[in-house]
Amino acid sequence: GVEDLSMQSIIDIIHYRSPDYLIAGEIRGNDINTFFNYLASGRKGITTVHSGSPAGLIRRLRSPPLSIPESSLMNVDIIVEMRNDARRYVGKVSEIHMDDGILLNNVYEYSATGYQASGVSYAIKKIAGLKGIPEALVENSIASKRDLLSGLDPRIGTEEFLAAISKFQLSREKSSEERKGDRDP
């Protein structure tokens, strides 16, 4: 039955299908090691893990019985901390950065006045470098997606959500084509 499938069995099955991402629900115990081994092979993944804070998560992952090596933790780009104070919301977005050991960079943190940005994002620098574009373009892209999501009614269903995302993507493609047309004689 399905209950007989371990995380390792699932990874063995999908390994040859070359997915862009492995999206795993909550993982715990030895499955965490299996997930990190998957990431260490150069693949990407998204999962949830319970912890009190991003720093607490790093301590937990590095401590026995998990003992995830520092080099494997570098495969984690972003930790999103969810909070639940009568409603669920993103409390903090942190990046893992290596500089003589693991450092956590809190990129965004929620406070009574809204989200506060730290002003530095190593992930944005990395994306800009990989794509060969200015960091401002990456930041603008993130801001436009943030604006789209914050403007959606949280009660909409899946079909409405997907329609809004499709409409957004089509308008971005149209704008991109128009900008290219302005440059072409």
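Residues numbered from 1 in each chain as written. Predicted model: local features only at pLDDT ≥ 70, side-chain atom pairs only at ≥ 80, totals over all residues. Heavy atoms only, no water.

Caption draft 1: Layout of the environment of Leu148. Relative to the assigned elements, Leu148 resides in helix H6 (residues 135-151). Between the alpha carbons of Leu148 and Ala164 there is a distance of 8.4 Å; along the sequence they are 16 residues apart. (Helix = DSSP H or I, 4+ residues; strand = E, 2+ residues; numbered from the N terminus.)

Caption draft 2: Just the nonpolar core, in detail. With 21 residues, the main nonpolar core has Ile32, Phe36, Leu61, Ile68 and Leu73 as its most contacted residues. Where this core is concerned, the elements lending two or more residues are helix H1 (7-14), strand S1 (21-26), helix H2 (30-40) and helix H3 (54-62). Not counting chain neighbours up to four residues away, the residues in contact with Phe36 comprise Leu61, Ile68, Ser72, Leu73 and Val76. (Core = buried A, V, L, I, M, F, W, Y, C linked by side-chain atoms within 4.5 Å. Buried < 20%, exposed > 50% of the residue type's maximum accessible area, 1.4 Å probe, protein only. Contact = heavy atoms within 4.5 Å.)

Caption draft 3: Spotlight on the packing of aromatic side chains. Under the definition given, this model contains 2 aromatic pairs. A centroid spacing of 5.0 Å and a plane angle of 65° characterise the contact between Tyr110 and Tyr115, whose relative ring orientation is edge-to-face. Assessed through its relative accessible area of 27%, Tyr110 is described here as partly exposed. Members of the aromatic cluster, each reached through a chain of ring pairs, are Tyr89, Tyr110 and Tyr115. (Phe/Tyr/Trp six-rings, centres within 6.5 Å; stacked < 30°, edge-to-face > 60°.)

Caption draft 4: Examining the pairing of strand S3 (residues 78-84) more closely. Pairing of S3 with strand S4 (residues 88-98), which is carried by 7 bridges, proceeds in the antiparallel orientation. Along S4, the bridge assignment pairs Met82 with Val90. With antiparallel pairing between neighbouring strands as the criterion, S3 and S4 make up a hairpin whose turn holds 3 residues, including Ala86 at a positive phi of roughly 70°. (Pairing = 2+ DSSP bridges.)

Caption draft 5: Up close: H2. Every buried residue belonging to H2 is among Ile32, Asn33, Thr34, Phe35, Phe36, Tyr38 and Leu39, and all of these are buried. Buried residues belonging to H2 abut H1, S1, strand S2 (44-48), H3 and helix H4 (70-73).

Caption draft 6: Spotlight on the pattern of salt bridges. Enumeration over the complete set of coordinates arrives at 8 salt bridges. For Glu70, the salt bridge goes to Arg62, with nearest N and O atoms at 3.2 Å. Of the charged contacts in the structure, one is a salt bridge between Glu81 and Arg83, with a shortest N-O distance of 2.6 Å. Accessibility expressed as a relative area gives 10% for Glu81, which makes it buried. Overlapping salt bridges bring together Glu81, Arg83, Lys92 and Glu109 as one network. (Salt bridge = Lys/Arg side-chain N within 4 Å of Asp/Glu carboxyl O.)

Caption draft 7: Summary view of the sheet that holds strand S5 (residues 102-111). Here we have 4 strands laid out as an open sheet, ordered S3-S4-S5-S6, and antiparallel in their pairing. The outermost strands of the open sheet, each flanked by one partner alone, are S3 and strand S6 (114-117). This sheet shows a mean twist of 25° between the axes of neighbouring strands, independent of strand direction. (Axes fitted to C-alpha atoms, helices over the stretch in contact; angles between N-to-C directions.)

Caption draft 8: Seen up close, the packing of H1 against H2. At their nearest, the axes of H1 and H2 sit 9 Å apart, and the two run at 25° to each other. The pairing of H1 with H2 is recorded here as roughly parallel in orientation. Facing Met7, Gln8, Ile11 and Ile14 of H1, the residues of H2 in contact are Asp31, Thr34, Phe35 and Tyr38. Of the residues in the contact of H1 with H2, the class split is 5 nonpolar, 2 polar and 1 charged. (Parallel < 35°, antiparallel > 145°, perpendicular 65-115°, else oblique. Nonpolar A, V, L, I, M, F, W, Y, C, P; charged D, E, K, R; others polar.)

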